[in-house]
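Notes for the structure review
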Amino acid sequence: MRKCLLILFFAFAAAGASAAQIDTVAVCSTKMQREIPALVVVPDAGVGRRMPVLYLLHGFGGSYTTWQNITDLRPLADACGMIVVCPDGANSWYWDSPLDPASQFETFVAQELPDWIDARYLTIPSREGRAVTGLSMGGHGALWVALRHKDRFGAAGSTSGGVDIRPFPDSWEMKKQLGELKDNPERWNAHTVIRQAASLRDGELALIFDCGYQDFFYQVNLNLHEQLMRQGVGHDFLVRPGAHNAAYWSASLPCQMLFFQRWFARNAPQPAVTASGRRVVYIGDSITDGNWGKANGKPSSQRNLWDRNHLFGSGYMYLCASYYQGYFPDRDYRFFNRGVGGHALGDLAARWQEDVIDLRPDVLSVFVGTNDAERHLGRLLRADDPKTVPDFDFTDWERTYRGLLDQARQANPALKIVLCTPFAAPCGKIVEGALGEYYPLRQRILAQCCVIVERIAADYGATLVPFHRLIADLETRLPNGCITTHGYAAHHPAEFRHWAHARGYVLWGERIDRTDWENWRVNYYGL
(Lines give C-alpha, C1' and ligand atoms only; values in the text may rest on other atoms or scores of the structure.)
Protein backbone atom coordinates (compact mmCIF):
# COMPACT_ATOMS: atom_id res chain seq x y z
CA MET A 1 0.00 0.00 0.00
CA ARG A 2 2.82 2.40 0.89
CA LYS A 3 4.39 1.75 -2.53
CA CYS A 4 1.10 2.66 -4.26
CA LEU A 5 0.82 5.90 -2.33
CA LEU A 6 4.44 6.85 -3.04
CA ILE A 7 4.00 6.26 -6.77
CA LEU A 8 0.89 8.42 -6.87
CA PHE A 9 2.52 11.07 -4.67
CA PHE A 10 5.26 11.55 -7.23
CA ALA A 11 2.68 11.47 -10.02
CA PHE A 12 0.79 14.31 -8.33
CA ALA A 13 4.01 16.27 -7.90
CA ALA A 14 4.80 15.88 -11.58
CA ALA A 15 1.29 16.87 -12.59
CA GLY A 16 1.39 20.07 -10.53
CA ALA A 17 -1.85 21.76 -9.55
CA SER A 18 -4.95 19.82 -10.51
CA ALA A 19 -6.67 21.03 -13.63
CA ALA A 20 -9.41 18.39 -13.76
CA GLN A 21 -12.96 19.65 -14.01
CA ILE A 22 -16.01 18.34 -12.14
CA ASP A 23 -19.38 18.24 -13.88
CA THR A 24 -22.61 17.61 -12.00
CA VAL A 25 -25.01 15.89 -14.37
CA ALA A 26 -28.47 14.32 -14.36
CA VAL A 27 -28.76 11.05 -16.27
CA CYS A 28 -32.16 9.86 -17.42
CA SER A 29 -32.94 6.25 -16.54
CA THR A 30 -35.52 4.87 -18.93
CA LYS A 31 -36.06 1.80 -16.80
CA MET A 32 -36.68 3.80 -13.59
CA GLN A 33 -38.42 6.70 -15.37
CA ARG A 34 -36.42 9.33 -13.50
CA GLU A 35 -33.18 11.27 -13.55
CA ILE A 36 -30.22 10.08 -11.48
CA PRO A 37 -27.54 12.61 -10.45
CA ALA A 38 -23.84 11.93 -10.90
CA LEU A 39 -20.44 13.61 -10.69
CA VAL A 40 -18.10 13.37 -13.68
CA VAL A 41 -14.44 14.22 -13.10
CA VAL A 42 -12.60 14.91 -16.37
CA PRO A 43 -8.81 15.22 -16.29
CA ASP A 44 -7.14 18.07 -18.10
CA ALA A 45 -5.40 15.51 -20.32
CA GLY A 46 -8.83 14.37 -21.47
CA VAL A 47 -9.27 17.38 -23.72
CA GLY A 48 -9.17 16.21 -27.32
CA ARG A 49 -8.46 12.53 -26.75
CA ARG A 50 -10.34 9.48 -25.60
CA MET A 51 -9.78 8.29 -22.04
CA PRO A 52 -10.82 5.26 -19.97
CA VAL A 53 -13.55 5.62 -17.37
CA LEU A 54 -13.67 4.47 -13.75
CA TYR A 55 -17.17 4.17 -12.30
CA LEU A 56 -16.98 4.79 -8.56
CA LEU A 57 -19.92 3.63 -6.40
CA HIS A 58 -20.83 4.91 -2.93
CA GLY A 59 -21.98 2.98 0.13
CA PHE A 60 -25.25 2.66 2.04
CA GLY A 61 -26.55 6.03 3.20
CA GLY A 62 -24.28 7.86 0.77
CA SER A 63 -24.84 9.71 -2.48
CA TYR A 64 -23.10 10.72 -5.68
CA THR A 65 -21.05 13.27 -3.69
CA THR A 66 -19.71 10.76 -1.14
CA TRP A 67 -16.39 9.99 -2.81
CA GLN A 68 -15.58 13.64 -3.52
CA ASN A 69 -16.31 14.41 0.14
CA ILE A 70 -13.95 11.62 1.26
CA THR A 71 -11.04 12.65 -0.98
CA ASP A 72 -10.48 15.13 -3.79
CA LEU A 73 -10.90 13.08 -6.97
CA ARG A 74 -9.41 15.69 -9.30
CA PRO A 75 -5.70 15.07 -8.64
CA LEU A 76 -6.34 11.32 -8.73
CA ALA A 77 -8.05 11.60 -12.11
CA ASP A 78 -5.24 13.80 -13.44
CA ALA A 79 -2.45 11.55 -12.14
CA CYS A 80 -4.05 8.31 -13.35
CA GLY A 81 -5.33 9.66 -16.67
CA MET A 82 -8.93 8.53 -16.41
CA ILE A 83 -12.41 10.00 -16.24
CA VAL A 84 -14.12 9.22 -12.92
CA VAL A 85 -17.92 8.91 -12.74
CA CYS A 86 -19.72 8.82 -9.38
CA PRO A 87 -23.43 7.99 -9.79
CA ASP A 88 -26.08 8.11 -7.12
CA GLY A 89 -27.15 4.58 -6.17
CA ALA A 90 -29.57 5.43 -3.34
CA ASN A 91 -29.67 2.43 -0.93
CA SER A 92 -30.18 -0.01 -3.77
CA TRP A 93 -27.18 -2.34 -3.32
CA TYR A 94 -26.99 -1.85 -7.12
CA TRP A 95 -29.44 -4.65 -7.87
CA ASP A 96 -32.41 -4.61 -10.20
CA SER A 97 -34.77 -5.15 -7.30
CA PRO A 98 -37.36 -7.88 -7.94
CA LEU A 99 -39.68 -6.01 -5.56
CA ASP A 100 -39.19 -2.32 -6.31
CA PRO A 101 -39.47 -1.11 -9.94
CA ALA A 102 -38.07 2.26 -8.85
CA SER A 103 -34.79 0.60 -7.82
CA GLN A 104 -33.21 -0.84 -10.96
CA PHE A 105 -29.61 0.23 -10.48
CA GLU A 106 -27.91 -2.77 -12.06
CA THR A 107 -29.34 -1.76 -15.42
CA PHE A 108 -28.51 1.87 -14.72
CA VAL A 109 -24.84 1.29 -13.83
CA ALA A 110 -24.22 -1.42 -16.43
CA GLN A 111 -26.12 0.00 -19.40
CA GLU A 112 -27.80 3.38 -19.12
CA LEU A 113 -25.05 5.35 -17.38
CA PRO A 114 -22.10 4.17 -19.56
CA ASP A 115 -24.14 4.77 -22.72
CA TRP A 116 -24.95 8.31 -21.54
CA ILE A 117 -21.33 9.04 -20.61
CA ASP A 118 -19.98 7.60 -23.88
CA ALA A 119 -22.35 9.82 -25.87
CA ARG A 120 -21.20 13.02 -24.14
CA TYR A 121 -17.56 12.56 -23.20
CA LEU A 122 -14.48 11.40 -25.09
CA THR A 123 -14.31 7.90 -23.63
CA ILE A 124 -13.03 4.54 -24.81
CA PRO A 125 -16.50 3.01 -25.34
CA SER A 126 -15.66 -0.65 -24.74
CA ARG A 127 -14.88 -3.00 -21.86
CA GLU A 128 -11.19 -2.25 -22.39
CA GLY A 129 -11.93 1.34 -21.37
CA ARG A 130 -14.22 0.74 -18.38
CA ALA A 131 -13.63 -0.27 -14.76
CA VAL A 132 -15.91 -0.13 -11.72
CA THR A 133 -15.22 -0.12 -7.99
CA GLY A 134 -16.81 1.17 -4.82
CA LEU A 135 -16.94 1.15 -1.04
CA SER A 136 -19.07 -1.04 1.24
CA MET A 137 -22.44 -1.42 -0.51
CA GLY A 138 -20.74 0.09 -3.57
CA GLY A 139 -17.98 -2.53 -3.38
CA HIS A 140 -20.66 -5.21 -3.53
CA GLY A 141 -22.36 -3.30 -6.36
CA ALA A 142 -19.18 -2.91 -8.40
CA LEU A 143 -18.36 -6.62 -8.30
CA TRP A 144 -22.00 -7.56 -8.82
CA VAL A 145 -22.32 -5.42 -11.94
CA ALA A 146 -18.95 -6.43 -13.40
CA LEU A 147 -19.47 -10.16 -12.82
CA ARG A 148 -22.83 -10.03 -14.56
CA HIS A 149 -21.74 -7.69 -17.37
CA LYS A 150 -18.24 -8.77 -18.36
CA ASP A 151 -19.00 -7.53 -21.87
CA ARG A 152 -19.26 -4.00 -20.47
CA PHE A 153 -16.48 -3.88 -17.87
CA GLY A 154 -12.99 -5.32 -18.12
CA ALA A 155 -11.83 -4.58 -14.57
CA ALA A 156 -13.53 -4.31 -11.18
CA GLY A 157 -12.72 -3.68 -7.55
CA SER A 158 -14.12 -3.31 -4.07
CA THR A 159 -12.96 -1.67 -0.86
CA SER A 160 -14.61 -2.83 2.39
CA GLY A 161 -17.24 -4.46 0.21
CA GLY A 162 -20.21 -6.45 1.46
CA VAL A 163 -19.36 -9.29 -0.87
CA ASP A 164 -21.60 -11.78 0.95
CA ILE A 165 -24.86 -10.31 2.18
CA ARG A 166 -26.30 -13.44 3.82
CA PRO A 167 -24.64 -13.01 7.26
CA PHE A 168 -26.42 -9.64 7.58
CA PRO A 169 -30.11 -10.32 6.77
CA ASP A 170 -31.55 -7.53 8.93
CA SER A 171 -29.07 -4.81 8.06
CA TRP A 172 -28.93 -1.89 5.62
CA GLU A 173 -32.46 -2.30 4.20
CA MET A 174 -31.51 -5.23 1.99
CA LYS A 175 -34.79 -6.96 2.69
CA LYS A 176 -36.61 -3.98 1.16
CA GLN A 177 -34.98 -4.97 -2.11
CA LEU A 178 -35.11 -8.78 -1.79
CA GLY A 179 -37.66 -9.66 0.87
CA GLU A 180 -36.90 -11.57 4.06
CA LEU A 181 -34.01 -14.04 3.88
CA LYS A 182 -35.99 -16.78 5.64
CA ASP A 183 -38.77 -16.49 3.06
CA ASN A 184 -36.52 -16.04 0.02
CA PRO A 185 -33.27 -17.98 0.55
CA GLU A 186 -32.71 -18.69 -3.15
CA ARG A 187 -33.19 -15.06 -4.05
CA TRP A 188 -30.62 -14.00 -1.44
CA ASN A 189 -28.20 -16.66 -2.67
CA ALA A 190 -28.61 -15.46 -6.22
CA HIS A 191 -28.07 -11.81 -5.30
CA THR A 192 -24.78 -12.10 -3.42
CA VAL A 193 -21.39 -11.49 -5.05
CA ILE A 194 -19.64 -14.53 -3.64
CA ARG A 195 -22.14 -16.83 -5.33
CA GLN A 196 -21.91 -14.92 -8.63
CA ALA A 197 -18.12 -15.28 -8.53
CA ALA A 198 -18.36 -19.08 -8.31
CA SER A 199 -18.58 -19.37 -12.10
CA LEU A 200 -15.83 -16.82 -12.87
CA ARG A 201 -12.92 -18.13 -14.93
CA ASP A 202 -9.36 -16.89 -14.78
CA GLY A 203 -8.73 -13.92 -17.08
CA GLU A 204 -12.37 -12.93 -17.56
CA LEU A 205 -12.03 -9.89 -15.26
CA ALA A 206 -9.15 -7.97 -13.75
CA LEU A 207 -9.99 -7.93 -10.03
CA ILE A 208 -8.73 -6.02 -7.00
CA PHE A 209 -10.40 -5.90 -3.60
CA ASP A 210 -9.28 -5.01 -0.08
CA CYS A 211 -10.55 -4.80 3.46
CA GLY A 212 -9.26 -3.67 6.86
CA TYR A 213 -8.60 -6.14 9.64
CA GLN A 214 -11.01 -4.28 11.95
CA ASP A 215 -13.82 -4.16 9.37
CA PHE A 216 -17.01 -6.17 10.00
CA PHE A 217 -16.79 -7.22 6.32
CA TYR A 218 -13.27 -8.61 6.72
CA GLN A 219 -14.29 -12.27 7.00
CA VAL A 220 -16.57 -12.27 3.92
CA ASN A 221 -13.78 -10.65 1.88
CA LEU A 222 -11.34 -13.29 3.10
CA ASN A 223 -13.88 -15.96 2.12
CA LEU A 224 -14.12 -14.51 -1.40
CA HIS A 225 -10.33 -14.46 -1.71
CA GLU A 226 -10.05 -18.11 -0.66
CA GLN A 227 -12.84 -19.13 -3.05
CA LEU A 228 -11.12 -17.41 -5.99
CA MET A 229 -7.85 -19.10 -5.02
CA ARG A 230 -9.56 -22.50 -5.15
CA GLN A 231 -11.04 -21.62 -8.55
CA GLY A 232 -7.63 -20.59 -9.88
CA VAL A 233 -8.83 -17.06 -10.65
CA GLY A 234 -6.06 -14.47 -10.55
CA HIS A 235 -6.81 -11.37 -8.47
CA ASP A 236 -5.24 -8.81 -6.12
CA PHE A 237 -6.40 -9.05 -2.49
CA LEU A 238 -5.00 -6.55 0.01
CA VAL A 239 -5.49 -6.40 3.77
CA ARG A 240 -4.09 -3.95 6.30
CA PRO A 241 -5.07 -2.36 9.61
CA GLY A 242 -8.21 -0.31 9.29
CA ALA A 243 -11.91 -0.12 9.98
CA HIS A 244 -15.06 0.62 7.95
CA ASN A 245 -14.51 4.36 7.62
CA ALA A 246 -13.49 7.22 5.37
CA ALA A 247 -9.86 7.17 6.51
CA TYR A 248 -9.49 3.63 5.23
CA TRP A 249 -11.28 4.32 1.93
CA SER A 250 -9.28 7.47 1.15
CA ALA A 251 -6.08 5.44 1.55
CA SER A 252 -7.42 2.52 -0.48
CA LEU A 253 -8.62 4.40 -3.56
CA PRO A 254 -5.21 5.56 -4.90
CA CYS A 255 -3.92 1.98 -4.88
CA GLN A 256 -7.00 0.71 -6.70
CA MET A 257 -6.77 3.49 -9.28
CA LEU A 258 -3.13 2.63 -9.91
CA PHE A 259 -4.21 -0.98 -10.53
CA PHE A 260 -6.83 0.20 -13.04
CA GLN A 261 -4.40 2.64 -14.68
CA ARG A 262 -1.98 -0.18 -15.38
CA TRP A 263 -4.75 -2.44 -16.64
CA PHE A 264 -6.02 0.28 -18.98
CA ALA A 265 -2.48 0.84 -20.27
CA ARG A 266 -2.03 -2.87 -21.05
CA ASN A 267 -5.33 -3.02 -22.88
CA ALA A 268 -5.31 0.37 -24.59
CA PRO A 269 -6.29 0.43 -28.29
CA GLN A 270 -3.29 0.58 -30.58
CA PRO A 271 -2.65 4.10 -31.93
CA ALA A 272 -3.41 4.80 -35.54
CA VAL A 273 -0.51 4.38 -37.95
CA THR A 274 0.91 7.79 -38.90
CA ALA A 275 3.36 8.89 -41.55
CA SER A 276 6.62 10.75 -41.00
CA GLY A 277 5.15 13.33 -43.32
CA ARG A 278 6.75 15.26 -46.18
CA ARG A 279 3.82 16.83 -48.04
CA VAL A 280 1.80 19.05 -45.72
CA VAL A 281 -1.54 20.61 -46.72
CA TYR A 282 -3.30 23.37 -44.77
CA ILE A 283 -6.94 23.84 -45.78
CA GLY A 284 -9.41 26.30 -44.30
CA ASP A 285 -10.85 29.79 -44.57
CA SER A 286 -9.33 33.30 -44.57
CA ILE A 287 -7.34 32.70 -41.37
CA THR A 288 -5.37 30.05 -43.22
CA ASP A 289 -5.50 31.94 -46.53
CA GLY A 290 -3.47 35.00 -45.48
CA ASN A 291 -3.65 36.19 -49.13
CA TRP A 292 -1.39 33.42 -50.35
CA GLY A 293 -0.59 33.60 -54.06
CA LYS A 294 -1.66 37.27 -53.98
CA ALA A 295 -5.28 36.41 -54.79
CA ASN A 296 -7.28 36.46 -51.59
CA GLY A 297 -10.55 34.61 -51.99
CA LYS A 298 -9.85 33.10 -55.42
CA PRO A 299 -9.65 29.35 -56.15
CA SER A 300 -6.23 27.71 -56.03
CA SER A 301 -6.08 27.38 -59.83
CA GLN A 302 -6.31 31.19 -60.22
CA ARG A 303 -3.49 32.05 -57.81
CA ASN A 304 0.18 32.70 -58.36
CA LEU A 305 1.86 29.36 -57.62
CA TRP A 306 5.36 30.45 -58.68
CA ASP A 307 6.11 33.56 -56.62
CA ARG A 308 7.67 31.94 -53.57
CA ASN A 309 7.61 35.24 -51.67
CA HIS A 310 3.85 34.92 -51.41
CA LEU A 311 3.31 31.19 -51.70
CA PHE A 312 2.38 30.66 -48.04
CA GLY A 313 0.47 33.88 -47.29
CA SER A 314 1.12 35.91 -44.16
CA GLY A 315 -0.51 33.97 -41.31
CA TYR A 316 0.15 31.04 -39.02
CA MET A 317 0.64 28.66 -41.96
CA TYR A 318 3.54 30.79 -43.20
CA LEU A 319 5.16 30.80 -39.75
CA CYS A 320 4.86 27.04 -39.37
CA ALA A 321 6.20 26.34 -42.85
CA SER A 322 9.09 28.73 -42.30
CA TYR A 323 10.01 27.09 -39.04
CA TYR A 324 10.06 23.51 -40.33
CA GLN A 325 11.69 24.25 -43.66
CA GLY A 326 14.25 26.50 -41.98
CA TYR A 327 15.19 24.24 -39.09
CA PHE A 328 14.85 20.87 -40.84
CA PRO A 329 15.85 21.37 -44.49
CA ASP A 330 17.07 17.77 -44.66
CA ARG A 331 13.52 16.48 -44.20
CA ASP A 332 12.36 17.97 -47.49
CA TYR A 333 9.00 19.22 -46.22
CA ARG A 334 6.66 20.48 -48.96
CA PHE A 335 3.97 22.86 -47.71
CA PHE A 336 0.73 23.80 -49.50
CA ASN A 337 -1.61 26.57 -48.41
CA ARG A 338 -5.18 25.89 -49.51
CA GLY A 339 -7.06 28.38 -47.40
CA VAL A 340 -9.73 30.44 -49.18
CA GLY A 341 -11.25 33.50 -47.52
CA GLY A 342 -14.93 33.28 -46.65
CA HIS A 343 -15.17 29.53 -47.02
CA ALA A 344 -17.27 27.26 -44.82
CA LEU A 345 -17.22 23.48 -44.52
CA GLY A 346 -19.41 22.97 -47.57
CA ASP A 347 -16.98 25.00 -49.68
CA LEU A 348 -14.11 22.82 -48.53
CA ALA A 349 -16.13 19.78 -49.62
CA ALA A 350 -16.60 21.25 -53.10
CA ARG A 351 -12.84 21.65 -53.64
CA TRP A 352 -11.65 18.68 -51.54
CA GLN A 353 -10.56 16.58 -54.51
CA GLU A 354 -8.44 19.33 -56.07
CA ASP A 355 -7.08 20.93 -52.91
CA VAL A 356 -6.55 17.84 -50.76
CA ILE A 357 -6.77 14.46 -52.50
CA ASP A 358 -4.86 15.49 -55.63
CA LEU A 359 -2.02 16.96 -53.54
CA ARG A 360 -1.40 13.55 -51.89
CA PRO A 361 -0.66 14.94 -48.39
CA ASP A 362 1.20 13.06 -45.68
CA VAL A 363 -0.08 15.58 -43.15
CA LEU A 364 -3.43 17.37 -43.42
CA SER A 365 -4.41 20.38 -41.30
CA VAL A 366 -8.09 21.46 -41.28
CA PHE A 367 -9.26 24.78 -39.79
CA VAL A 368 -12.90 25.61 -40.50
CA GLY A 369 -16.15 26.56 -38.78
CA THR A 370 -16.12 30.31 -38.21
CA ASN A 371 -17.88 31.09 -41.49
CA ASP A 372 -20.44 28.33 -40.92
CA ALA A 373 -21.63 30.25 -37.86
CA GLU A 374 -21.37 33.56 -39.75
CA ARG A 375 -23.59 32.33 -42.58
CA HIS A 376 -26.21 31.01 -40.20
CA LEU A 377 -26.42 34.39 -38.48
CA GLY A 378 -26.62 36.06 -41.90
CA ARG A 379 -29.68 33.99 -42.74
CA LEU A 380 -31.28 35.09 -39.47
CA LEU A 381 -30.56 38.77 -40.20
CA ARG A 382 -31.93 38.57 -43.74
CA ALA A 383 -35.10 36.68 -42.80
CA ASP A 384 -38.37 38.55 -42.39
CA ASP A 385 -39.11 36.24 -39.49
CA PRO A 386 -35.96 34.73 -37.90
CA LYS A 387 -38.11 32.02 -36.30
CA THR A 388 -38.61 30.47 -39.73
CA VAL A 389 -34.88 29.88 -40.17
CA PRO A 390 -33.95 26.27 -39.31
CA ASP A 391 -31.51 25.71 -36.46
CA PHE A 392 -27.85 25.10 -37.25
CA ASP A 393 -27.58 21.45 -38.32
CA PHE A 394 -24.74 20.12 -36.18
CA THR A 395 -25.47 16.52 -37.19
CA ASP A 396 -25.01 17.30 -40.87
CA TRP A 397 -21.92 19.43 -40.14
CA GLU A 398 -20.26 16.58 -38.29
CA ARG A 399 -21.29 14.05 -40.95
CA THR A 400 -19.76 16.23 -43.70
CA TYR A 401 -16.56 16.79 -41.72
CA ARG A 402 -16.10 13.08 -41.08
CA GLY A 403 -16.89 12.25 -44.69
CA LEU A 404 -14.09 14.52 -45.91
CA LEU A 405 -11.59 12.97 -43.53
CA ASP A 406 -12.72 9.50 -44.60
CA GLN A 407 -11.95 10.40 -48.22
CA ALA A 408 -8.51 11.66 -47.26
CA ARG A 409 -7.73 8.58 -45.17
CA GLN A 410 -8.96 6.32 -47.94
CA ALA A 411 -6.51 7.98 -50.31
CA ASN A 412 -3.70 7.69 -47.74
CA PRO A 413 -4.37 5.29 -44.83
CA ALA A 414 -1.20 6.55 -43.09
CA LEU A 415 -2.33 10.19 -43.25
CA LYS A 416 -1.63 12.25 -40.12
CA ILE A 417 -4.40 14.73 -39.39
CA VAL A 418 -4.34 18.01 -37.45
CA LEU A 419 -7.70 19.55 -36.56
CA CYS A 420 -8.15 23.13 -35.31
CA THR A 421 -11.12 24.50 -33.39
CA PRO A 422 -12.93 27.62 -34.66
CA PHE A 423 -13.36 30.79 -32.61
CA ALA A 424 -14.60 34.36 -32.61
CA ALA A 425 -13.26 36.97 -30.19
CA PRO A 426 -15.74 39.36 -28.50
CA CYS A 427 -14.68 42.53 -30.33
CA GLY A 428 -15.20 44.39 -33.57
CA LYS A 429 -18.26 44.23 -35.79
CA ILE A 430 -19.60 40.93 -34.40
CA VAL A 431 -20.48 42.53 -31.04
CA GLU A 432 -21.91 45.72 -32.54
CA GLY A 433 -25.31 46.61 -33.99
CA ALA A 434 -27.74 43.97 -35.22
CA LEU A 435 -25.01 41.36 -35.59
CA GLY A 436 -23.96 41.97 -31.99
CA GLU A 437 -27.38 40.93 -30.77
CA TYR A 438 -26.62 37.44 -32.10
CA TYR A 439 -23.19 37.21 -30.49
CA PRO A 440 -24.32 34.79 -27.71
CA LEU A 441 -25.85 32.52 -30.37
CA ARG A 442 -22.65 32.73 -32.44
CA GLN A 443 -20.61 31.60 -29.47
CA ARG A 444 -23.00 28.72 -28.70
CA ILE A 445 -22.74 27.52 -32.30
CA LEU A 446 -18.95 27.75 -32.28
CA ALA A 447 -18.75 26.05 -28.89
CA GLN A 448 -20.70 23.07 -30.20
CA CYS A 449 -18.55 22.99 -33.34
CA CYS A 450 -15.49 22.87 -31.08
CA VAL A 451 -16.98 19.92 -29.19
CA ILE A 452 -17.55 18.15 -32.51
CA VAL A 453 -14.00 18.86 -33.70
CA GLU A 454 -12.59 17.52 -30.42
CA ARG A 455 -14.69 14.37 -30.76
CA ILE A 456 -13.64 13.84 -34.38
CA ALA A 457 -9.98 14.41 -33.48
CA ALA A 458 -10.18 11.69 -30.85
CA ASP A 459 -11.92 9.26 -33.19
CA TYR A 460 -9.42 9.77 -36.01
CA GLY A 461 -6.31 9.79 -33.84
CA ALA A 462 -5.71 13.37 -34.94
CA THR A 463 -3.71 16.10 -33.23
CA LEU A 464 -6.04 18.73 -31.79
CA VAL A 465 -5.09 22.42 -31.76
CA PRO A 466 -7.64 24.12 -29.45
CA PHE A 467 -7.40 27.64 -30.86
CA HIS A 468 -10.58 28.69 -29.04
CA ARG A 469 -8.88 28.02 -25.71
CA LEU A 470 -5.72 29.88 -26.75
CA ILE A 471 -7.80 32.88 -27.85
CA ALA A 472 -9.74 32.90 -24.57
CA ASP A 473 -6.43 32.93 -22.69
CA LEU A 474 -5.01 35.75 -24.82
CA GLU A 475 -8.15 37.85 -24.26
CA THR A 476 -7.43 37.90 -20.54
CA ARG A 477 -3.72 38.70 -20.93
CA LEU A 478 -3.50 41.37 -23.64
CA PRO A 479 -3.74 44.96 -22.37
CA ASN A 480 -6.65 46.05 -24.57
CA GLY A 481 -8.42 42.69 -24.38
CA CYS A 482 -8.70 42.44 -28.19
CA ILE A 483 -6.55 40.01 -30.13
CA THR A 484 -7.85 40.63 -33.62
CA THR A 485 -6.82 42.85 -36.51
CA HIS A 486 -7.70 46.43 -35.44
CA GLY A 487 -10.65 44.94 -33.54
CA TYR A 488 -12.48 44.52 -36.84
CA ALA A 489 -12.62 40.87 -37.89
CA ALA A 490 -13.08 38.93 -34.68
CA HIS A 491 -11.67 35.79 -36.23
CA HIS A 492 -8.54 37.42 -37.75
CA PRO A 493 -5.78 37.54 -35.10
CA ALA A 494 -3.51 40.56 -35.03
CA GLU A 495 -0.70 38.42 -33.61
CA PHE A 496 -0.36 34.78 -34.55
CA ARG A 497 2.75 34.27 -32.52
CA HIS A 498 1.22 32.18 -29.77
CA TRP A 499 -0.71 30.18 -32.32
CA ALA A 500 2.36 29.48 -34.42
CA HIS A 501 4.19 28.24 -31.36
CA ALA A 502 1.40 25.89 -30.39
CA ARG A 503 0.91 24.77 -33.96
CA GLY A 504 4.60 24.13 -34.60
CA TYR A 505 4.99 22.37 -31.28
CA VAL A 506 2.25 19.82 -31.91
CA LEU A 507 2.21 19.44 -35.71
CA TRP A 508 4.17 16.20 -35.83
CA GLY A 509 4.49 15.63 -32.08
CA GLU A 510 8.12 16.71 -32.18
CA ARG A 511 9.95 16.12 -28.88
CA ILE A 512 11.53 19.58 -28.80
CA ASP A 513 13.57 20.31 -25.70
CA ARG A 514 11.72 22.86 -23.59
CA THR A 515 14.74 25.14 -23.10
CA ASP A 516 15.57 25.16 -26.81
CA TRP A 517 11.95 25.93 -27.59
CA GLU A 518 11.83 28.88 -25.23
CA ASN A 519 15.10 30.25 -26.65
CA TRP A 520 13.69 29.93 -30.17
CA ARG A 521 10.59 31.86 -29.14
CA VAL A 522 12.60 34.70 -27.59
CA ASN A 523 15.15 34.97 -30.41
CA TYR A 524 12.70 34.90 -33.31
CA TYR A 525 9.55 36.49 -31.93
CA GLY A 526 10.63 38.47 -28.89
CA LEU A 527 8.18 36.66 -26.62
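This one's a predicted model, so the numbers in the text were calculated from it and none came from an experiment. (Residues numbered from 1 in each chain as written. Predicted model: local features only at pLDDT ≥ 70, side-chain atom pairs only at ≥ 80, totals over all residues. Heavy atoms only, no water.)

1. Regarding the overall build of the protein
- Within the protein, the secondary structure is distributed over 21 helices and 13 strands.
- The buried share of the protein, reckoned over its 527 residues, is 54%.
- Look at the contacts in the protein between residues 6 or more apart in sequence, and 74% of them connect residues 24 or more apart.
- Surface exposure of the protein reaches about 23,000 Å², of which carbon and sulfur atoms provide 50%. (Helix = DSSP H or I, 4+ residues; strand = E, 2+ residues; numbered from the N terminus. Buried < 20%, exposed > 50% of the residue type's maximum accessible area, 1.4 Å probe, protein only. Contact = heavy atoms within 4.5 Å. Areas by Shrake-Rupley, 256 points an atom, 1.4 Å probe, with all protein chains shown as cover.)

2. Examining the sheet that holds strand 13 (residues 463-465)
- The strand order across the open sheet formed by five strands is 10-9-11-12-13, and the pairing between neighbours is parallel. Each of the sheet's edge strands pairs with one partner strand only, and the pair in question is strand 10 (334-339) and strand 13. Mean inter-strand twist for the sheet, computed between neighbouring axes without regard to direction, equals 15°.
- Of the pairings in the sheet, the one linking strand 9 (residues 279-284) to strand 11 (residues 363-367) comprises five bridges and is parallel in character. For glycine 284, the partnering residue across the bridge sits in strand 11 and is phenylalanine 367.
- Where helix 12 (residues 316-327) meets the sheet, it contacts strand 9, strand 10 and strand 11, and its direction lies at approximately 175° from that of strand 10.
- On the sheet, helix 18 (residues 439-459) packs against strand 12 (416-420) and strand 13 and is oriented at approximately 165° with respect to strand 12. (Pairing = 2+ DSSP bridges. Axes fitted to C-alpha atoms, helices over the stretch in contact; angles between N-to-C directions.)

3. Things to note about the pattern of salt bridges
- Here the structure, examined in full by the defined rule, presents 20 salt bridges.
- Put simply, lysine 175 and glutamate 180 hold a salt bridge, and the shortest N to O gap is 3.7 Å.
- When its relative accessible area of 33% is taken as the criterion, lysine 175 is described as partly exposed.
- Salt-bridge contacts for aspartate 183 lead to lysine 182; the nearest nitrogen and oxygen are separated by 3.5 Å. Each member of the pair aspartate 183 and lysine 182 is classed as exposed.
- Connected through salt bridges with shared partners, the residues Arg50, Glu398, Arg402, Arg455 and Asp459 form a single ionic network. (Salt bridge = Lys/Arg side-chain N within 4 Å of Asp/Glu carboxyl O.)

Limitation: the analysis is restricted to geometry and does not speak to function.
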